[in-house]
Amino acid sequence: MRPSRRTTLSLSAILLTGLTWATTGSAAPAGALGPAPGVADLVKDIDQILGDARLTPARAGVVVRSAASGEELYALDSGKILTPASNTKLLTSAAAVENLGLDFRFTTSVLSTGRRAGSALTGDLYLRGTGDPTMLAADYDALAAEVAASGIKVVTGRLVADDTWFDDVRLGTDWAWDDEPYYYAAQISALTASPNTDYDAGTVIVSVAPGDAAGKRPKVTTTPETDHLKIENRAVTGAETDVTIERRHGTNTVVITGTVADEQQEWVTVDDPTAYATSLFRASLARHGVRVLGGAARAAVPEGAATVASHESMPLRELLVPFMKLSNNMHAEILTKAIGRKVSGAGTWSAGLAAITSFAKANGMTTLNLRDGSGLSRMDGLTPGGLTRYLAALRAKPWFDAWYGALPIAGQADRMVGGTLRSRMRGTPAAGNVHAKTGSLTGVTSLSGYVTSADNEPLVFSVMLNQYLSAAPRDIEDKIAVRLAQFRRDAPVDTVVQLKQEAQTENASELECSWLKPAQC
């Protein structure tokens, strides 16, 4: 193969490594002044993988490091800032554990003002949230049942929503406006609701099924049932399914067009999650026989209000699983604001990102730029070198095992184990071995995390590919990860066998599976 810029850089790294051994007194492998045979072979193979023609017009940053010693085994553009996509969650999730603790829980409360007269509450009833992304319609119903069980049957005042735990900035500064209807870019609020146990906060599942006959309107239902959305059903029952379900920008009107032959679902974001959550709670109060005579309002709970009911979320140690396995953007953003509230008393992006940045810098990342907590912003920037130093540093944290277990695991079919890696690297030495975070935007793919070599040496790695013009070259990440799982310091690897093992990854989907709801990933 003709030496490329990548090969030249890596060969230079080999020579520098040899000089390091000579000048520092470190013992070189027996019979060699340069790197061990396995390291030289690793460099050659990664260079070959990165020689893929799809990367010719692209930017690639790749770093491999020994997790124990910090030794850099491979580096390409280690210090260049690249768009990380959801690799950003590696920072947000760990900073959340560090600042909030594994036992942290979100609390949603119902409080009252005024006085009780028998079964009547003369005053307002408040619903206060702290950002719980796991609140389901059933949880709001349970709160309503507690209110009814307390003896309250009539509220003479208003139902007041208190979402002041966070600020009122709902969307990230750099997010594309045309992403707003889609579940991965939902609005952020301290009061919100999710439709199911994937916990996609701020969304509703809209389902369409064929009508009674061809040409008739399809049947439309929502999960949860809600009057917060207005449905415009313009679709018809037909011989094939070609249907679009989309919320009209800036409204809560969902327009359904096309033809429906079988049941289809779409996760649709809502405008104003606070009002959405409050409407679910009001409907539940009515079902439990509690009448609220006043209208809706928004205000902070006044001092001295009495707690009527409360609900606590699962602890953060459990929330990490759906958050990281399924790469949930809204969990990342909610936790960012929760970190800001804890550290600075301000539930804002700026406060949260300052704390996350500080944590990252204290753990090996000297150069970074964060604009959100999820990686949805294209202005986010990380370096592969900094990310590998950071990943190595986290291994010393007392909470590392819980956090590490929440990362997607290559080739593990259970979606709450394999997550976004469940269909990747199956049947290879990387399966069940690689624990890593995926990342995906148009023109961006990344994979960073941990792998144990064939010598049982813990390695950290980061692969970030930007500005490619083809379908996502995700198989390149997989090839590198599999090669690392086969790495031995004292012997080369049979590359031909390795490439044969990876052939199944060549036709990988262009999009990370977390973007493909309702795909089972």
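Scroll up a little and you will see the structure.
A brief look at the structure comes next. Quick caveat, the model's predicted, so the values are computed rather than measured.

1. Notes on the sheet that holds strand 3 (residues 107-112)
Pairing is mixed in the open sheet, where five strands are placed in the order 17-8-6-3-18. In this open sheet, the two strands that pair with only one neighbour each are strand 17 (296-298) and strand 18 (306-312). Each strand of the sheet is rotated relative to its neighbour by a mean of 20 degrees, with strand direction disregarded. Where helix 4 (residues 137-149) meets the sheet, its contacts fall on strand 3, strand 6 (125-128) and strand 18, and the angle it forms with strand 18 comes to roughly 150 degrees. Taken strand by strand, helix 5 (residues 273-287) contacts strand 3, strand 6, strand 8 (159-162) and strand 17, and its axis lies near 145 degrees from that of strand 8.

2. Remarks on the pairing of strand 6
Each regular strand displays side chains that alternate between the two surfaces of the sheet. As paired elements, strand 3 and strand 6 share four bridges and run antiparallel to each other. Residue pairing in the sheet places Val110 in a bridge with Leu127 of strand 6. Of the strand pairs in this sheet, strand 6 and strand 8 are connected by four bridges, and their pairing is parallel. Bridge pairing links Leu125 to Leu159 in strand 8.

3. Focus: the side chain of Arg65
Take Arg65: it is sitting in strand 1 (residues 59-66). Residue Arg65 is classed as buried on the basis of its relative accessible area of 8%. For Arg65, the side chain forms a polar contact with the side chain of Thr388, separated by 3.1 Å.

4. Thoughts on the packing of helix 4 against helix 5
Running from amino to carboxyl end, helix 4 crosses helix 5 at an angle of 45 degrees, the nearest separation of the two axes being 8 Å. Considering the angle they form, helix 4 stands oblique to helix 5. The way helix 4 lies across helix 5 gives a crossing that is right-handed. Facing Ala137, Tyr140, Asp141, Leu143, Ala144 and Val147 of helix 4, the residues of helix 5 in contact are Ala277, Leu280, Phe281, Ser284, Leu285 and Arg287. Among the residues making up the contact of helix 4 with helix 5, the classes are represented as nine nonpolar, one polar and two charged.

5. Re the environment of Leu90
Along the chain, the position of Leu90 falls in helix 3 (residues 89-100). According to the relative accessible area criterion, Leu90 is buried, its value standing at 0%. C-alpha of Leu90 to C-alpha of Leu407: the two residues are 317 residues apart in sequence and 9.0 Å apart in space. For Leu90, the residues in contact, after removing those within four places along its chain, are Met324, Leu387, Tyr390, Leu391, Trp403, Leu407, Lys437 and Ser448.

6. Side note on the packing of aromatic side chains
Applying the stated criterion to the full structure yields 12 aromatic pairs. Seen in terms of ring centroids, Phe400 and Trp403 are 6.1 Å apart; in terms of plane orientation they differ by 45 degrees. Their pairing is tilted. On the criterion of helical spacing, the pair formed by Phe400 and Trp403 is a turn pair, its members being three residues apart in helix 10 (residues 400-405). In this structure, Phe400 and Trp403 share a single accessibility class: buried. Ring centres 5.5 Å apart and planes at 70 degrees place the aromatic pair Phe400 and Tyr450 in the edge-to-face group. Remark: Tyr450 occurs in strand 22 (residues 444-452) and Phe400 occurs in helix 10; sequence separation between them is 50 residues. As far as the burial class goes, Phe400 and Tyr450 line up, both buried. Chaining the aromatic ring pairs together yields one cluster made of Phe359, Tyr390, Trp399, Phe400, Trp403, Tyr404 and Tyr450. Its end group placed over the ring of Trp349, Lys337 keeps NZ or CZ at 4.2 Å from the ring centre.

Conventions we followed
Residues numbered from 1 in each chain as written. Predicted model: local features only at pLDDT ≥ 70, side-chain atom pairs only at ≥ 80, totals over all residues. Heavy atoms only, no water. Pairing = 2+ DSSP bridges. Helix = DSSP H or I, 4+ residues; strand = E, 2+ residues; numbered from the N terminus. Axes fitted to C-alpha atoms, helices over the stretch in contact; angles between N-to-C directions. Contact = heavy atoms within 4.5 Å. Buried < 20%, exposed > 50% of the residue type's maximum accessible area, 1.4 Å probe, protein only. Polar contact = N/O pair within 3.5 Å; in protein donor to acceptor, adjacent residues only side chain to side chain. Parallel < 35°, antiparallel > 145°, perpendicular 65-115°, else oblique. Left-handed = near helix turned anticlockwise from the far one by under 90°. Nonpolar A, V, L, I, M, F, W, Y, C, P; charged D, E, K, R; others polar. Phe/Tyr/Trp six-rings, centres within 6.5 Å; stacked < 30°, edge-to-face > 60°. Lys NZ or Arg CZ within 6 Å of the ring centre and 35° of its normal.

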